[in-house]
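Understanding the architecture of this molecule
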Amino acid sequence: MPHTSQFSSLYQVLATLSALLIQTVVGINEGWPSVYGPVLLESFNITTSEEAWIVQAMNIGELLGCLVSLPAVDRFGRKISMLGASLPYLLAPTLLAYATSTPLFCLARLISGLAMGISNTTIFSYLGEISHPTIRGKLTMCLYILNLLGIVLINVLGSSLNIRNSSFSTVGIVIVFVLTFVWMPESPYFDVMKKNFDRARKSLVKLRGHPDVDEDLDQIKETVKIQTEHEGKFKDLFVVKSNRRALFVAFIVLSSKHLIVDGIIDAYGQTIFQILVPNVSPTLVIVVYYTLEIFTAFFASCLVDKLGRRPMILVALFASGLAILTVGIYLYLKLHTSTDLRYMNTVPATAIGESLQYFTVFSTPFLPLS
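Below is a short write-up of the structure.

So, how was this worked out
Residues numbered from 1 in each chain as written. Predicted model: local features only at pLDDT ≥ 70, side-chain atom pairs only at ≥ 80, totals over all residues. Heavy atoms only, no water. Salt bridge = Lys/Arg side-chain N within 4 Å of Asp/Glu carboxyl O. Buried < 20%, exposed > 50% of the residue type's maximum accessible area, 1.4 Å probe, protein only. Axes fitted to C-alpha atoms, helices over the stretch in contact; angles between N-to-C directions. Helix = DSSP H or I, 4+ residues; strand = E, 2+ residues; numbered from the N terminus. Parallel < 35°, antiparallel > 145°, perpendicular 65-115°, else oblique. Contact = heavy atoms within 4.5 Å. Nonpolar A, V, L, I, M, F, W, Y, C, P; charged D, E, K, R; others polar. Phe/Tyr/Trp six-rings, centres within 6.5 Å; stacked < 30°, edge-to-face > 60°. Core = buried A, V, L, I, M, F, W, Y, C linked by side-chain atoms within 4.5 Å.

A few words on the pattern of salt bridges. Scanning the entire structure with this criterion turns up 4 salt bridges. When the shortest N-O distance is used, the salt bridge between aspartate 74 and arginine 78 registers 2.9 Å. Across the pair arginine 208 and aspartate 216 runs a salt bridge, and its minimum N-O distance is 2.8 Å. Using a relative accessible area of 6% as the deciding quantity, one classes aspartate 216 as buried.

Turning our eyes to something else, we now look at the packing of helix α2 (residues 10-43) against helix α7 (residues 163-181). Interaxial distance between α2 and α7 falls to 9 Å at its minimum, and their mutual angle equals 170°. Classified by the angle their axes make, α2 and α7 are roughly antiparallel. Residue-level inspection shows Ala15, Ser18, Ala19, Leu21, Ile22, Val25, Ile28, Trp32, Tyr36, Val39 and Leu40 of α2 in contact with α7, the latter providing Ile163, Ser166, Thr170, Ile173, Val174, Val176, Phe177, Thr180 and Phe181. Looking at the contact of α2 with α7 residue by residue, the classes come out as 16 nonpolar, 4 polar and no charged.

This part is about the packing of aromatic side chains. Considering all chains together, one arrives at 7 aromatic pairs under this definition. Relative to tyrosine 36, the ring of tryptophan 32 lies with its centre 5.4 Å away and its plane at 40°, an arrangement referred to as tilted. Taken together, the residues span about one helical turn, with tryptophan 32 and tyrosine 36 both in helix α2 at a distance of 4 residues. A relative accessible area of 5% places tryptophan 32 in the buried class. For tyrosine 36, a relative accessible area of 1% corresponds to the buried category. Measuring from centroid to centroid gives 5.2 Å for phenylalanine 177 and phenylalanine 181, while their planes differ by 20°, and the two rings are stacked. Highlighted residues: phenylalanine 177 and phenylalanine 181, both in helix α7, separated by 4 residues, approximately one helical turn.

This part takes up the nonpolar core. In terms of nonpolar packing, the biggest core is built from 42 residues, with Trp32, Met82, Tyr89, Phe105, Ile123, Tyr126 and Phe181 touching the most fellow members. When residues of this core are traced back to their parent elements, those giving at least two are α2, α3 (48-75), α4 (78-98), α5 (102-130), α6 (133-158) and α7. Sequence-distant contacts of tyrosine 126, that is, excluding residues within four places in its chain, are made with Ala15, Ala19, Arg78, Met82, Phe181, Met184, Pro185, Glu186 and Ser187. By size, the runner-up hydrophobic cluster in this structure holds 14 residues, among which are Tyr144, Phe273, Tyr290 and Ile294.

Everything listed is a geometric property; what it means functionally is a separate question.
Printed below as a string of C-alpha cells:
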C-alpha cells in the first residue's frame, strides 16, 4: 500500500466505533439481570425459578437470532442486517420499561436475545470485511471491550435508575447507533458478491482513504470467487476432517468460557459479590472487576502474536480451573465445616476475578478475525 495507515484507517475506525455502539447494548442485556434480578424478586413478587427463566430467555432468543442471521447476512447484506437488528433492540427495552409480569419480562428478554443473535453473527463479518489486515485484530478487540463497557454501564445505571429509566437509556444508545451507522458503507465483499463493483469501489475508497484501491478490489474479487466455487454446506462441518477438528477446538474454547462462570458472573454478578464480599458495595466490585478485564483485553492483544494461540489457551484453562477450584474449596469450608474464615473473606472474589482475568488474557486472541 502506497499510503500511510494513519489517515487511510480513519473511516474504518469510525465505521467500527459506530457498529460497536450496538455491542454496548449487548453488554447491557447480558448484565441486566445482575442489577435488576433482585428488584424482580422484591418488587414484582417473582420467584427465583421465574427469574431463572427470565435470564435464560435471552439465550434462547440469541439462538433463534443466529438462525435468522445465517440467510439474512448474505441476502440483505451486513449493514442492512445490523440495522434490521435495531428494531428488536428498540422493542425489547420498551417492553422491559412497562413489563409487570414474568411472561412480559421473558418476552422482552427473548426479543433482546433475538437481536443479539443477529448482530453478534453479523458484526464479525462486517468488521473483518471493512478493515485492512494490518489493523483488523485491533479493531476486533474493540468488540470485546465495548461489550464489557456495556456491562459496567448497566451496573452503574442500575444503582441509581429504575428499570423504566434505564430501559429508555438503552433505547437512546440504539437510536444513536442507527443515526450514525446508516451513513457507513456496506461491506465491499458483499457488494462484490452481488456484482455491484461500482459500489464496492466507492466503499473501498472511503474505507482506505485514497482512490488507489484496484489491488484491494482485485483481491476481494478473487476471494469471493474462491468462496463461491467452494461453497460449503452444513454437513461439511462433520464430513470434512479439518472442519471437524476446527469445530472441536471451537467447542472446547467456548465451553471453557462458560465453565469458568463467565456468563454466571455477567447475569448474577451483584448477587454473587454481595455474598462473597458483604462489606463492599457490589456495584463497586463489578466496576473494578470489569475494568480489570478491559485492561487485560488490551494486554492480550499485545501477547497473541508473540506467544501464539495454542500455548496461551492451555495456560488459560489451567489457571482458570485452579482459580475456580479455590472458590469451590472456600465455599465448602464455609458452608459445611466450622473452619474460621474471617481472614479469608476476599479469597473467593479474588479467585473468581483471577479466573476471568486469566481467561480474558489468554482466550481473547481466539475471538473471530483476531
